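Listed below, chain by chain, are the residues.
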Amino acid sequence: MYGRIRQLIKVSMIGNVLVVGVFTLAFYMGAHVVCDVFCGDAALVEVAVPALRMAIICSALGLCANVMSCYFQYVERVVPSTFLGICRYILFCIPIMLVLTRTFGVNGVWYSLPVADILAFAAAAVMAVYEMKRLRNMEGKKNDEKSGLYFKEQPDL
């Protein structure tokens with residue numbers, strides 16, 4: 001059972017990056033068309049296109065935090081779920097935005113989005129690796145219980 005859960009986490013993370021990556025690539029390549037549909041004004045489109053591209057470039061990575069947040073919520077691990085749910089924008093993006101706008105002005109707002117996405121992905125990846133190890137240990141414990149050995153369950157972190 002735990003092996004299937006580990007496989008689900010892997011497939012979910014990889015699938016998220018691939019599917020959202022395809023949409024990101026489509027929006028990146030068609031940024032001018034998308035902005036033109038919503039803006040209409042040529043001067044505004046010229047400003048919006050690079051901003052849109054910067055905002056979405058790493059979104060496939062950042063959304064992995066949402067995938068892991070949902071997993072932790074499902075297994076009733078509130079602290080990791082809440083952390084990953086708020087890390088992308090509240091914990092990472094806003095502070096980075098405050099720092100980068102001092103250096104890059106308005107462009108700092110757009111630069112902060114991919115940085116926050118990368119940091120959120122890193123946090124999700126670390127927590128996913130830890131969870132995979134925890135599940136592997138639980139699977140080993142289950143097998144040991146069948147053979148008469150018993151180990152204490154690890155505390156949830």
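Residues numbered from 1 in each chain as written. Predicted model: local features only at pLDDT ≥ 70, side-chain atom pairs only at ≥ 80, totals over all residues. Heavy atoms only, no water.

Looking at this structure, I do not really get the overall build of the protein chain. What am I missing?
Helix and strand counts for the protein chain come out as seven helices and zero strands. Listed N to C, the secondary structure of the protein chain is α-α-α-α-α-α-α in terms of helices and strands. Counting the 157 residues in the protein chain, one finds 33% classified as buried. Long-range pairs, those at least 24 residues apart, make up 67% of the contacts in the protein chain with a sequence separation of at least 6. As presented, the protein chain carries roughly 9,900 Å² of accessible surface, and 70% of it is formed by carbon and sulfur atoms. (Helix = DSSP H or I, 4+ residues; strand = E, 2+ residues; numbered from the N terminus. Buried < 20%, exposed > 50% of the residue type's maximum accessible area, 1.4 Å probe, protein only. Contact = heavy atoms within 4.5 Å. Areas by Shrake-Rupley, 256 points an atom, 1.4 Å probe, with all protein chains shown as cover.)

Would you mind going over the packing of aromatic side chains with me for this structure?
The relative placement of two aromatic rings is captured by the distance of their centres and the angle of their planes. Inspection of every chain in the model, using the stated rule, returns two aromatic pairs. Ring geometry for Tyr 71 against Phe 72: centres 5.3 Å apart, planes inclined by 65 degrees, an arrangement best described as edge-to-face. Each ring, one from Phe 104 and one from Tyr 111, has its centre 5.1 Å from the other, and the planes form 85 degrees; the classification is edge-to-face. Phe 104 gets classed as partly exposed once you look at its relative accessible area, which sits at 43%. Judged by relative accessible area, Tyr 111 falls into the partly exposed class, the value being 29%. A cation sits over an aromatic face here: Arg 53 above Tyr 28, 5.0 Å from the ring centre. (Phe/Tyr/Trp six-rings, centres within 6.5 Å; stacked < 30°, edge-to-face > 60°. Lys NZ or Arg CZ within 6 Å of the ring centre and 35° of its normal.)

Is there a simple way to think about the environment of Ile 5 in this case?
Tracing the backbone through its elements, the reader meets Ile 5 in helix α1 (residues 2-29). A C-alpha to C-alpha distance of 8.6 Å links Ile 5 and Met 132, two positions 127 residues apart in sequence. Setting aside residues up to four positions removed in sequence, Ile 5 forms contacts with Tyr 71 and Leu 135.

Explain helix α5 (residues 64-74) here, please?
Because an α-helix packs 3.6 residues into every turn, residues spaced three or four apart end up facing the same way. Those residues of α5 lying buried are Cys 64, Ala 65, Met 68, Ser 69, Tyr 71 and Phe 72. Looking down the long axis of α5, one finds its buried residues gathered within 160 degrees of arc, a one-sided arrangement. Seen from the buried face of α5, the exposed residues on the opposite side, beyond 90 degrees, are Cys 70, Gln 73 and Tyr 74. (Arc of directions from axis to C-beta.)

What exactly am I supposed to notice about the confidence of the model for the protein chain here?
Of all residues in the protein chain, 90% have pLDDT values of 70 or greater, and the mean over the chain is 88. The lowest-confidence element of the protein chain is helix α7 (residues 107-146), averaging 88 in pLDDT; the highest-confidence one is helix α6 (residues 78-104), averaging 95. Below pLDDT 50 for its whole length, residues 147-152 participates in four contacts with residues either more than four positions away or in separate chains. (pLDDT = per-residue confidence, 0-100.)

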